[in-house]
Amino acid sequence: MGIERLNKTGMTRRALLGRAIAAGALTVTGVGFVAAPNAAWAMEVTVITPAQMAALLQMARDIYPHDQVPDKFYAVAVKGYDAEDKKALVEAGIAELDAAAKAQGHADYVSIGWEEDRVKVLTAIAAGTFFNTVRAGLVTGLYNQKEVWPIFGYEGESFSQGGYIDRGFDDIDWL
Amino acid sequence: MANFDLNDDSVVVIIGTGAGGGVLANELAQKGVKVVALEAGGRYLPEDYINDEWESFGQLAWLDARTTSGDWRVAKDFSGLPAWIVKAVGGTTTHWAGASIRFQDHEWKALTNYGAVDGANLLDWPIDGAEMAPWYEKAETKLGVTRTGDRAGLPGNNNYKVFEKGAKALGYKEVHTGRMAINSKDYDGRMACQQTGFCFQGCKWGAKWSAAYTDIPAGEATGNLEVRERAHVARILHNDAGKVTGVEYFDKDGNLQMQKARIVCVAGNSFESPRLLLNSASSMFPNGLANSSGMVGKNYMRHTTGSVYAIFDKPVRMWRGTTMAGIVQDEARHDPSRGFVGGYELETLALGLPFMAAFLNPGGWGRSFTTALDHYENMAGMWIVGEDMPQLGNGVTLSDTKDQHGLPVANVNFNDHPNDIAMRNHAYKQGIAIYEAVGATRAFPTPPYPSTHNLGTNRMSEKPQDGVVNKWGQSHDIANLFVSDGSQFTTGAAENPTLTIVALAIRQADHIAREMSANTI
């Protein structure tokens, strides 16, 4: 995974904001791309719509919100939904999500400003297949990205460095 | 390396090569007995092990289909994965943490010492601590268990130091870095622990004992042991006299083969062993082999488990060093004043970030969940392992689901007994108190993972009507059919089971070799 995979999956720095329309924290460019407002990254979608991908990204962040984890890692985690065999699931799922948002008095899910209110919408669909498919997929899709681990302080394998026998397995100093 | 003919009916066939089957195979081979060991998985050695949790899981875990039922949370969160055990040469000795502690004397006689418990199917083992003491000593020597013999303990890592300080603050006395089958010094041609972590993914240094690179190659070196990898046993065969005569298995290419045998020993862990006996039903044994008692697949135990993780205001980095780095044994006693019979051990445990995300609160989401992971670096963890109650309704039956060979898979049904729940809640409370005593700012009573300690589904009993095998692991019904894994456990005790499985296997090898010489089987 990592940078190579990011490039393979179509995410590169692009200046796409000229024609952007705002959609929550993310930007749907209207030409098959979802981009970060600061142009730090963009993702091309070819099967599902940019609006659907934007909703998936927001949903991923609301399910597992880590404020210190940049959007690009969430994008990697949900990129796989831009596929023919996922199209029906995503269409029905985002429709379910937006219907739940409307039922709670919102225009749609991604336009809800406060996370707390979006969580209420997610809670309304939390027993369903779509929510649980996305949630379960994120457990590996987000947390098994090696590039995410350092953000949490996790060091991964240590065998290649000879373990921690001489590198702090017992270095706790505050007890 | 030996190569025995399929029609050689003088061999002992052992099904499974883990702590039970792998040790039994070597012990018999050392005594000159010819053994064919059939292993469903492939062969992986330290250079093959992968220090990445999900990748390793894909390499080693038993992922063939299983189904679940009952009120245990595993059936909801991991419905197709009731156990986290290994499909490979060496079995789950690749994955185990290495904790090697003997049963306490009173635990061999649970029914006598606890009294009858409503809803539980307690029974005394037909053996006791005195009978097992010399076999335990042999097992400890084989495994190089620390803090036994003249072997020193392992040094404590950060996770242990937090645990130890909290435990001692609570007044616990039996707190130490455990009796572990992990070398504190070079031993038996294997090197000392390098505090690398990833004990669950196979020890890349070989510092932790695993049958995969000790007993299996030692047995093969005698010329008396042939291990056939990726050989999935479908059925045990018998003759009109009711003696087993061999096994049918699917070889690595999926072709059905038949290996003749003088004796068959089943050691496929507590789901596959009863499943195989049930799948071997015939007109003579319509309820499955060795099942005149009706106890095959019943009385499944998985230890009363759970974990406690806690967050501190400063880093712990629990993943550094041995995964299971220490133990509190004070609660392992039988003291019904706590509101339950039997006892439990507390043992440190660490998961990497990927598995912590999967197991901290399966199905959990939102900020309650993610703020816990945000402080992963400041987290310490421990695991509860306590005696759970054998219950007739808990166990393995044949599912409607079929595996890749068309064989019915194991359905595992489990409901907690009230004693299990009372014990777990007590342990959660004590575990949280340990961490709060060293300043934890938040604690998490984490539900049980898919089971690693699977016990009791072919239990040992004095009387044939109470269980499946006698005190040698020999089936009550069929003299040349043995059970050699943890499924023969009458009760589970509070201790991690591997040392006892190994001790029973060494003892069983002695018995089988003796009876073969005497021509009684």
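Attention in this report is confined to the structure presented alongside it. (Residues numbered from 1 in each chain as written. Chains lettered and ligands numbered in written order. Predicted model: local features only at pLDDT ≥ 70, side-chain atom pairs only at ≥ 80, totals over all residues.)

## Details of the overall build of chain A
So, step 1. For chain A, the helix and strand inventory stands at six helices and four strands.
So, step 2. Mapped in sequence order, the helices and strands of chain A form the string α-β-β-β-β-α-α-α-α-α.
So, step 3. Put simply, chain A has 175 residues, and 37% of those count as buried.
So, step 4. If you take every contact in chain A between residues at least 6 apart in sequence, the share linking residues at least 24 apart comes to 58%. (Helix = DSSP H or I, 4+ residues; strand = E, 2+ residues; numbered from the N terminus. Buried ≥ 20, exposed ≤ 12 C-beta atoms within 10 Å, placed from the backbone. Contact = placed C-beta atoms within 7 Å.)

## Remarks on the interface of chain B and chain A
So, step 1. At the interface, 35 residues of chain B touch 29 residues of chain A.
So, step 2. Counting residues per element, the ones that place at least two in the side of chain B that touches chain A are α6 (158-169), α9 (353-359) and α10 (367-374) of chain B.
So, step 3. The residue inventory of the side of chain B that touches chain A, partitioned by class, reads 14 nonpolar, 12 polar and nine charged. (Nonpolar A, V, L, I, M, F, W, Y, C, P; charged D, E, K, R; others polar.)

## Considerations on unusual backbone geometry
Residues and elements named next belong to chain B.
So, step 1. Its identity as a non-glycine residue notwithstanding, Ala290 has a phi of 60 degrees, on the positive side.
So, step 2. Mapped onto the fold, Ala290 is located in the loop between α8 (269-279) and β10 (304-311).
So, step 3. Judged by the 28 C-beta atoms lying within 10 Å of it, Ala290 is buried.
So, step 4. With a phi close to 55 degrees, Arg317 is a non-glycine residue in the positive phi region.
So, step 5. Take Arg317: it is sitting in the loop between β10 and β11 (327-328).

## Details of the sheet that holds strand β7 (residues 244-250) of chain B
Residue and element names in this part refer to chain B.
So, step 1. Here we have three strands laid out as an open sheet, ordered β6-β7-β8, and antiparallel in their pairing. Two strands close off the open sheet at either side, each with one partner strand: β6 (232-238) and β8 (256-260). Ignoring strand direction, the axes of neighbouring strands in this sheet form an average angle of 25 degrees.
So, step 2. Here β6 runs beside β7; their pairing, made up of six bridges, is antiparallel. (Pairing = 2+ DSSP bridges. Axes fitted to C-alpha atoms, helices over the stretch in contact; angles between N-to-C directions.)

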